[in-house]
Amino acid sequence: MIKKTDAIYAAPLQEMIDFKFDERVVAVFPDMIQRSVPGYGMIISNIGILAAKYAQAGSHCYDLGCSLGAATLSMRQRIKEPECDIIAVDNSPAMLERGRELLARDAAAAVPVTMICADIQEVPIENASVVVLNFTLQFIPPAQRPELIERIYAGLRPGGILILSEKIAFSEPARQHFHQELHHDFKRANGYSDLEISQKRSALENVMIPETLACHQERLKSAGFSSVEVWFQCFNFASMVAIK
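Not measured: the values here are computed from a predicted model.

Cut-off values and rules
- Residues numbered from 1 in each chain as written.
- Predicted model: local features only at pLDDT ≥ 70, side-chain atom pairs only at ≥ 80, totals over all residues.
- Heavy atoms only, no water.
- Helix = DSSP H or I, 4+ residues; strand = E, 2+ residues; numbered from the N terminus.
- Buried < 20%, exposed > 50% of the residue type's maximum accessible area, 1.4 Å probe, protein only.
- Contact = heavy atoms within 4.5 Å.
- Areas by Shrake-Rupley, 256 points an atom, 1.4 Å probe, with all protein chains shown as cover.
- Core = buried A, V, L, I, M, F, W, Y, C linked by side-chain atoms within 4.5 Å.
- Axes fitted to C-alpha atoms, helices over the stretch in contact; angles between N-to-C directions.
- Parallel < 35°, antiparallel > 145°, perpendicular 65-115°, else oblique.
- Left-handed = near helix turned anticlockwise from the far one by under 90°.
- Nonpolar A, V, L, I, M, F, W, Y, C, P; charged D, E, K, R; others polar.
- Phe/Tyr/Trp six-rings, centres within 6.5 Å; stacked < 30°, edge-to-face > 60°.
- Lys NZ or Arg CZ within 6 Å of the ring centre and 35° of its normal.
- Arc of directions from axis to C-beta.
- Salt bridge = Lys/Arg side-chain N within 4 Å of Asp/Glu carboxyl O.

Peer 1: I'm lost on the overall build of the chain in this one. Help?
Peer 2: The number of helices and strands found in the chain is eight helices and eight strands. In the chain, which comprises 244 residues, the share counted as buried stands at 49%. Across the chain, contacts joining residues at least 24 apart in sequence account for 79% of those joining residues at least 6 apart. Taken as a whole, the chain presents about 11,500 Å² of accessible surface, with 54% of it coming from carbon and sulfur.

Listed below in structure tokens is the structure:
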């Protein structure tokens, strides 16, 4: 299948509506995410490496907010522990439909995968050794984030991990400006126009709410995680590993 280029925000919009993961986004999502998130490919690859290290025999591995299943596939190709499976959850039917097509091409991997269309806040987390929130928590209302993290912690086995990747904010205005401008430069270097950058930012304003690293770390520690490590950061994007 030919990779489609993201041009959703290339023309002036008469009315700005909030960003959503609909059929238009699904069609261009691989291009959109690679051109918008610095280090995305590295994050996906290392999710598989982390999952291989921490997956426990006879446990579930969760990909919450799986979109097209990139993290799911990375885990599936790396995990070697026996009787592990992956539960991939997303609330976008269009994302999951395309994700299942991509998963079907990965016939060589032995780890079973179940893809579920549901709200991740309503999915039970049980007998888990690895849970992935890859640029997902930022779309959950801030007041509801602690409860989700606490449920994940409760459903993890001892020694299990949560991999949390997020766009981050900075409390100091100068640092916020520095990283935000570099991110915009990154997008320009990948072919996005100033109009596209501006219109997408407006569409995401009420949907995606970033927090500081300190806020994430405090929430994870409050939930009970014994260790929280920032293993990746590029501009205003970071990924953490929290260990139970």
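Peer 1: Hey, could you run me through the nonpolar core in this one?
Peer 2: Side chains that are nonpolar tend, in soluble globular proteins, to be buried together. With 28 residues, the main nonpolar core has L64, V131, I152, L162, L220 and F225 as its most contacted residues. Those elements giving two or more residues to this core turn out to be β1 (60–64), β2 (85–90), β4 (128–134), α5 (145–155), β5 (156–169), α8 (213–223) and β8 (237–243). Counting residues per element, this core draws most heavily on β5, at four residues. In contact with F225, other than residues within four places in its own chain, are I149, Y153, L156, L162, L220, A242, I243 and K244. Counting 27 residues, the second-largest nonpolar core is a separate cluster that includes L50, A55, V132 and F135.

Peer 1: I keep staring at the packing of α5 against α8 and nothing clicks. Help me out?
Peer 2: Packed helices, taken two at a time, are described by the angle their axes make and the gap between the axes. In contact at an axis separation of 9 Å, α5 and α8 are set at 45 degrees when each is read in the N-to-C sense. Relative to α8, the element α5 lies oblique. Relative to α8, α5 is oriented so that their crossing is right-handed. Every residue of α8 that contacts α5 at R145, P146, I149, E150 and Y153 is listed here: R219, L220 and A223. In terms of residue class, the contact of α5 with α8 is built from five nonpolar, no polar and three charged.

Peer 1: Explain the packing of aromatic side chains to me, please; I cannot follow it from the model alone.
Peer 2: One pair of aromatic rings is described through two measures. These are the centre distance and the angle between the planes. Scanning all chains against the criterion turns up four aromatic pairs. A centroid spacing of 5.0 Å and a plane angle of 80 degrees characterise the contact between Y153 and F225, whose relative ring orientation is edge-to-face. Of this pair, Y153 sits in helix α5 while F225 sits in the loop between α8 and β7 (227–234), placing them 72 residues apart in sequence. Y153 sits in the partly exposed class, given a relative accessible area of 21%. When the centroid spacing of 5.8 Å and the interplanar angle of 50 degrees are considered together, the rings of W231 and F232 count as tilted. Its relative accessible area of 10% is what places F232 among the buried residues. Each residue in the set Y40, F135 and F237 is aromatic and connected to the rest through ring pairs, giving one cluster. When the ring centre of Y192 is taken as origin, the NZ or CZ atom of K187, which lies over that ring, is 5.6 Å away. Here the basic side chain of K244 rests over the ring of Y153, its NZ or CZ set 4.5 Å away from the ring centre.

Peer 1: Could you clarify how one ought to interpret α8 in this entry?
Peer 2: Two residues of an α-helix separated by three or four positions point the same way, owing to the 3.6 residues in each turn. Buried within α8 we find L213, H216, R219, L220 and A223. All buried residues of α8 project into a common sector of 135 degrees when viewed along the axis, lining one side. Facing away from the buried side of α8 by over 90 degrees, the exposed positions are E218 and S222. On its buried face, α8 is in contact with α5, β5, β6 (211–212), β7 and β8. Positive backbone phi, approximately 120 degrees, marks G224, located one or two places after α8.

Peer 1: Would you explain the packing of helix α2 (residues 40–54) against helix α3 (residues 70–78) in this entry?
Peer 2: Running from N to C, α2 and α3 cross one another at 40 degrees; their axes reach a closest spacing of 8 Å. One finds that α2 runs oblique with respect to α3. In this structure, α2 meets α3 at a crossing whose hand is right-handed. Contacts between α2 and α3 involve Y40, I44, S45, I47, G48, I49, A51 and A52 from the first element and A70, A71, S74, M75 and R78 from the second.

Peer 1: Would you explain the pattern of salt bridges in this entry?
Peer 2: A pair can form between side chains of opposite charge whenever their charged atoms are brought close. All told, the structure shown has six salt bridges when counted by the stated rule. Salt-bridge contacts for E101 lead to R98; the nearest nitrogen and oxygen are separated by 2.9 Å. Linking E101 with R98, this pair stays in helix α4 (residues 93–104), spanning three residues, or about one helical turn. Since its relative accessible area comes to 40%, E101 is described here as partly exposed. The salt bridge involving R145 is made with E211; its shortest N-O contact spans 2.8 Å. Note that R145 is positioned in helix α5 and E211 in strand β6, a separation of 66 residues in sequence. Owing to a relative accessible area of 0%, R145 belongs among the buried residues under this scheme. For E211, a relative accessible area of 12% gives the class buried. Via salt bridges that share partners, R145, E211 and R219 belong to a single interconnected network.

So far we have only geometry, and geometry alone does not tell us how the molecule works.
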